[in-house]
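Structural description and commentary
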Amino acid sequence: MSETYTSTARVKTDRPGRYGKQLASHFGKKISANWDADSDRGHLTFPSPDGPDLPSTTCDMIAGDGVLMLSIDGASDAVERLERVVAVHLIRFGAKDELEVEWTRSGGQGSARFTSADLEK
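Residues numbered from 1 in each chain as written. Predicted model: local features only at pLDDT ≥ 70, side-chain atom pairs only at ≥ 80, totals over all residues. Heavy atoms only, no water.

1. Remarks on the overall build of the chain
Condition: Numbering of helices and strands runs from the N terminus, with a helix taken as a DSSP run of H or I at least four residues long and a strand as a DSSP run of E at least two residues long. As defined in this context, the radius of gyration uses C-alpha atoms, and a globule is described by 2.2 Å times the residue total to the power 0.38. Type-normalised accessible area, obtained with a 1.4 Å probe on protein chains alone, sets the label of each residue: buried when under 20%, exposed when over 50%, and partly exposed for intermediate values. Whether two residues touch is decided by their heavy atoms; if any such pair falls within 4.5 Å, the residues are in contact. Note that accessible areas follow from Shrake-Rupley with a 1.4 Å probe, and for residues the cover is restricted to the protein chains shown. Lys and Arg are tallied as positive, Asp and Glu as negative. Neither His nor the chain termini are counted. We put the charge of a Lys on NZ, of an Arg on CZ, of an Asp on CG and of a Glu on CD.
The secondary structure content of the chain amounts to two helices and seven strands. Moving toward the C terminus, one meets the helices and strands of the chain in the order β-α-β-β-β-β-α-β-β. Radius of gyration (C-alpha) of the chain: 14 Å, near the 14 Å computed for a compact globule of 121 residues. Residue burial in the chain is summarised as follows: out of 121 residues, 41% are buried. Put simply, of all contacts in the chain between residues at least 6 apart along the chain, 52% involve residues at least 24 apart. Of the roughly 7000 Å² that the chain leaves accessible, carbon and sulfur atoms contribute 46%. Charged side chains in the chain number 15 positive and 19 negative. The centres of these two groups are separated by 6 Å.

2. Some remarks on the side chain of S48
Along the chain, S48 turns up in the loop between β3 (41–46) and β4 (57–64). Of the residues examined, S48 reaches a relative accessible area of 16% and is grouped as buried. Ignoring anything within four residues of it in the chain, the contact list for S48 reads L54, P55 and S56.

3. Considering the pattern of salt bridges
Here is the rule: Whenever Lys or Arg places a side-chain nitrogen within 4 Å of a carboxyl oxygen from Asp or Glu, that contact is recorded as a salt bridge.
With the rule as written, the count across this model stands at three salt bridges. We note a salt bridge from R105 to E83, for which the minimum N-O separation is 2.6 Å. Highlighted residues: R105 in strand β6 (residues 101–105) and E83 in helix α2 (residues 76–93), separated in sequence by 22 residues. By relative accessible area, R105 is classed as buried at 14%. In this structure, the salt-bridge partner of E100 is R113, at a minimum N-O distance of 2.5 Å. Here E100 is found in the loop between α2 and β6, whereas its partner R113 is found in strand β7 (residues 111–114), with 13 residues between them in sequence. For E100, a relative accessible area of 40% gives the class partly exposed.

4. With respect to the nonpolar core
Applicable threshold: By nonpolar core is meant a set of buried Ala, Val, Leu, Ile, Met, Phe, Trp, Tyr and Cys residues that side-chain atoms within 4.5 Å join together.
Judged by nonpolar contacts, the single largest core of 28 residues is most densely connected at M61, L68, L70, L90 and W103. When residues of this core are traced back to their parent elements, those giving at least two are β1 (4–12), α1 (16–27), β3, β4, β5 (67–75), α2, β6 and β7. Examining the composition of this core, we find that six residues originate from one element, α2, more than from any other. If we ignore the near neighbours within four places in the chain, the residues touching W103 are S7, T8, A9, L70, I72, E83, V86, A87, S111, A112 and F114.

5. What about the packing of α1 against α2?
Our working definition: Interaxial angles span 0 to 180 degrees and are taken between N-to-C directions of axes, which are lines fitted to C-alpha atoms, for helices over the stretch in contact. Every angle not falling under 35 degrees, over 145, or within 65 to 115 is termed oblique; those three ranges are roughly parallel, roughly antiparallel and roughly perpendicular. With the far helix as reference, a near helix turned anticlockwise by less than a right angle produces a left-handed crossing, and one turned clockwise produces a right-handed crossing.
Where α1 meets α2, the axes come as close as 10 Å, and the angle between the chain directions of the two elements is 120 degrees. As the angle between them shows, α1 and α2 are arranged oblique. Our pair here, α1 against α2, has a crossing hand that is right-handed. In contact with R18, Y19, Q22, L23, H26 and F27 of α1, α2 contributes V85, V86, H89, L90 and F93.

In structure tokens form, the structure reads like this:
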């Protein structure tokens, strides 16, 4: 079983609430997702691809002043996969704003950076 850890990103944008809401709306078509406009917070729950009895991976979203804060918690392999999934969707939604997403993993497990160039991969 994979080790569990957290990966966080602070995405600079003038419209953090808009992008948080858009991520929740988009992913909400397939997974459990919500966005509360009053608190500018949201949550995504990605079920384990290995079965319903295994732990899910979550992504918390908080819109702050000029930043959308993201935090993914789960098994290491799922976190690494979902860093790309969440980042690529967010970058695609914010193409006009040229968003960049840089994840930092807990416990010195590294980092991952995604830009519009990653949309072509």
